[in-house]
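# Structural features, examined
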Amino acid sequence: MDGGTRGRAAGEPRATLARRNRPSERTKPGRGAVTTTTRRTFRFVNWTLRPDQDDDAPPLMYGFRCLALTDDDTGCAAKSSLSKDPTEPQTWAFAHRREHPEHTSYAEVIERPWVMWREGST
Ligand SMILES: [Zn+2]
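Everything numeric in this text was worked out from a predicted model, so none of it was measured.

## Topic: a negative patch on the surface
On the surface, Asp71, Asp72, Asp73 and Glu102 cluster together into a negatively charged patch. By relative accessible area, aspartate 71 is classed as exposed at 87%.

## Focus: the coordination of the zinc ion
Where a metal carries four tetrahedral donors, each ideal angle is 109.5 degrees; where it carries six octahedral donors, the ideal angles are 90 or 180 degrees. Only Cys66 (SG), Cys76 (SG), His96 (NE2) and His103 (ND1) from the protein reach the zinc ion as donors, at distances of 2.0 to 2.3 Å. Geometry at the zinc ion is tetrahedral, judged from the four donor atoms that bind it and their angles of 106 to 113° at the metal. Read N to C, the donor residues that coordinate the zinc ion are spaced as C-x9-C-x19-H-x6-H. Histidine 96 sits in the buried class, given a relative accessible area of 7%.

## Regarding helix 2 (residues 87–99)
Counted at 1.5 Å a residue, the expected span for helix 2 with its 13 residues is 18 Å, and the 19 Å between its end C-alpha atoms agrees. The set of residues buried in helix 2 consists of Pro89, Ala93 and His96. The buried residues of helix 2 occupy an angular sector of 65° when projected down its axis, which confines them to one face. Facing away from the buried surface of helix 2 by more than 90 degrees, the exposed residues are Thr91, Phe94 and Arg98.

Conventions adopted
Residues numbered from 1 in each chain as written. Predicted model: local features only at pLDDT ≥ 70, side-chain atom pairs only at ≥ 80, totals over all residues. Heavy atoms only, no water. Patch = residues over 30% accessible without salt bridge, like charges linked within 9 Å, V, L, I, M, F, W, Y side chains within 5 Å. Areas by Shrake-Rupley, 256 points an atom, 1.4 Å probe, with all protein chains shown as cover. Salt bridge = Lys/Arg side-chain N within 4 Å of Asp/Glu carboxyl O. Lys, Arg positive; Asp, Glu negative; His and termini not counted. Charge placed at Lys NZ, Arg CZ, Asp CG, Glu CD. Buried < 20%, exposed > 50% of the residue type's maximum accessible area, 1.4 Å probe, protein only. Donors = N, O, S within 2.8 Å, 3.2 Å for Na, K, Ca; no water. Tetrahedral: all angles 85-135°; square planar, octahedral: opposite > 155°, others 65-115°. Helix = DSSP H or I, 4+ residues; strand = E, 2+ residues; numbered from the N terminus. Expected span 1.5 Å × (residues − 1). Arc of directions from axis to C-beta.

Now the structure itself:
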């Protein structure tokens, strides 16, 4: 129940660059748990990045954030929590507008899981 061999198969780069960062491992899905990690192309090893559509991939997550400017021209920055249900953040937007009647501009935030694969490993 740990996602099979996906992370393990990648192993470590075999060159001298081998450090203990396991490139294809990812944090479990959760609120805000996805961190942006920059990976390199190691010598002899090509990494591919693609949307994760496997059966055990984390779900698409939806959220809304408020784009309204406050009186001192700073952004409101209020945002809903992420949800698998796209309508849930919309409910949040209505509630937020009720509290702040002038906040009528929003952006939908969609979190799509991606995964890295190492090509040419033996
Ligand atoms: Zn707002």
